[in-house]
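Given next are the chains, with one letter for each unit.
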Amino acid sequence: MSLKWLQWAQRIQAISQAGLAFTKDPFDKERYEELRNISADILNQYSNLQFEEIEGLFANERGYPTPKVDVRGVVFKDGKILLVREKSENKWSLPGGFCDVGLSASENVVKEIFEESGYKVETKKLLAVLDMTKHAHPPQLYHYYKLFIQCEIVGGISTTGIETSGIDFFDVGRLPELSLSRNTAAQIELMYEYYQNPLKETWFD
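All values derive from a computational prediction rather than experimental measurement.

Undergrad: Would you explain the packing of aromatic side chains in this entry?
TA: Remark: the centre distance and the inter-plane angle together describe each pair of aromatic rings, the angle taken between the planes. Enumeration over the complete set of coordinates arrives at seven aromatic pairs. Note on W5 and Y46: the rings are 5.2 Å apart at their centroids and 20° apart in plane angle, and the pair reads as stacked. Of the two residues, W5 sits in helix α1 (residues 4-22) while Y46 sits in helix α2 (residues 26-46), which places them 41 residues apart along the sequence. Among the residues examined, W5 registers a relative accessible area of 12% and is labelled buried. Using a relative accessible area of 48% as the deciding quantity, one classes Y46 as partly exposed. For the pair W92 and F170, a centre-to-centre distance of 5.0 Å together with 75° between the ring planes defines the contact as edge-to-face. One end of the pair, W92, is in strand β3 (residues 91-93); the other, F170, is in strand β7 (residues 164-170), with 78 residues separating them in the sequence. Of the two residues, W92 and F170, neither departs from the other in class, the shared state being buried. An aromatic cluster is present here, built from F76, Y192 and Y195 joined pairwise through their rings.

Structure (structure tokens):
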């Protein structure tokens with residue numbers, strides 16, 4: 001039997017939970033709660049679990065809490081690194097964002113780079129897995145792991161997205177003002193080391 005229904009239910013639940021975590025609008029809250037109930041109803045129809053049991057699990061988040069995952073695309077052209085300007089801060093970062101449920105890390109970073117810069121890319125190498133708490137980021141509500149993935153442009157054109165207002169390639173020694181919640185200068189300098197030395201082993205901490 002296909003488990004597509006389970007993937008749908010998990011995705012709907014992920015969207016509803018993310019919405020409930022960040023929305024301040026009472027009407028949006030009702031909509032996200034309705035999505036959560038739809039997900040619970042799907043699971044109720046296709047499993048032996050009762051609706052009330054599923055709803056309680058979703059509402060109370062009884063699973064073990066784990067760090068959230070953020071992917072950042074590392075793209076070089078002629079020795080310069082691709083950065084996008086975030087509308088929310090008017091500061092620059094490697095293209096990327098939170099990983100969506102149902103997509104692999106590679107699929108996520110490809111999607112994020114295209115949505116934020118207009119470039120189509122192929123993934124080449126996982127360069128680093130960094131614990132945000134061990135780097136010079138501002139304090140965050142959640143605990144994040146950041147995955148830096150080297151990519152190569154294979155098509156597309158420079159195009160801003162919903163969350164970006166600028167796209168450019170920068171010399172690592174002359175970076176613009178960075179969005180420090182997303183990446184630091186030291187991290188970008190580390191990425192440049194991989195550009196200079198492709199055989200350098202993946203970094204993790």
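Don't stop here, the text continues.
Undergrad: Just checking my understanding: could you explain helix α5 (residues 185-196) for this structure?
TA: Note: α-helices contain 3.6 residues per turn, so residues at a spacing of three or four share the same orientation. The terminal C-alpha atoms of α5 lie 17 Å apart, and with twelve residues this matches the ideal 16 Å at 1.5 Å per residue to within 8%. Three or more residues of α5 are buried, namely Q187, I188, L190, M191 and Y194. Viewed end-on, α5 has its buried residues packed into an arc of 155°, placing them on one side of the element. Residues A186 and Q196 are exposed on α5 and point more than 90 degrees away from its buried face. Where α5 is buried, its residues touch β1 (68-77), β2 (80-86), β5 (119-131), β6 (144-156) and β8 (203-204).

Conventions and cut-offs
Residues numbered from 1 in each chain as written. Predicted model: local features only at pLDDT ≥ 70, side-chain atom pairs only at ≥ 80, totals over all residues. Heavy atoms only, no water. Phe/Tyr/Trp six-rings, centres within 6.5 Å; stacked < 30°, edge-to-face > 60°. Helix = DSSP H or I, 4+ residues; strand = E, 2+ residues; numbered from the N terminus. Buried < 20%, exposed > 50% of the residue type's maximum accessible area, 1.4 Å probe, protein only. Expected span 1.5 Å × (residues − 1). Arc of directions from axis to C-beta. Contact = heavy atoms within 4.5 Å.

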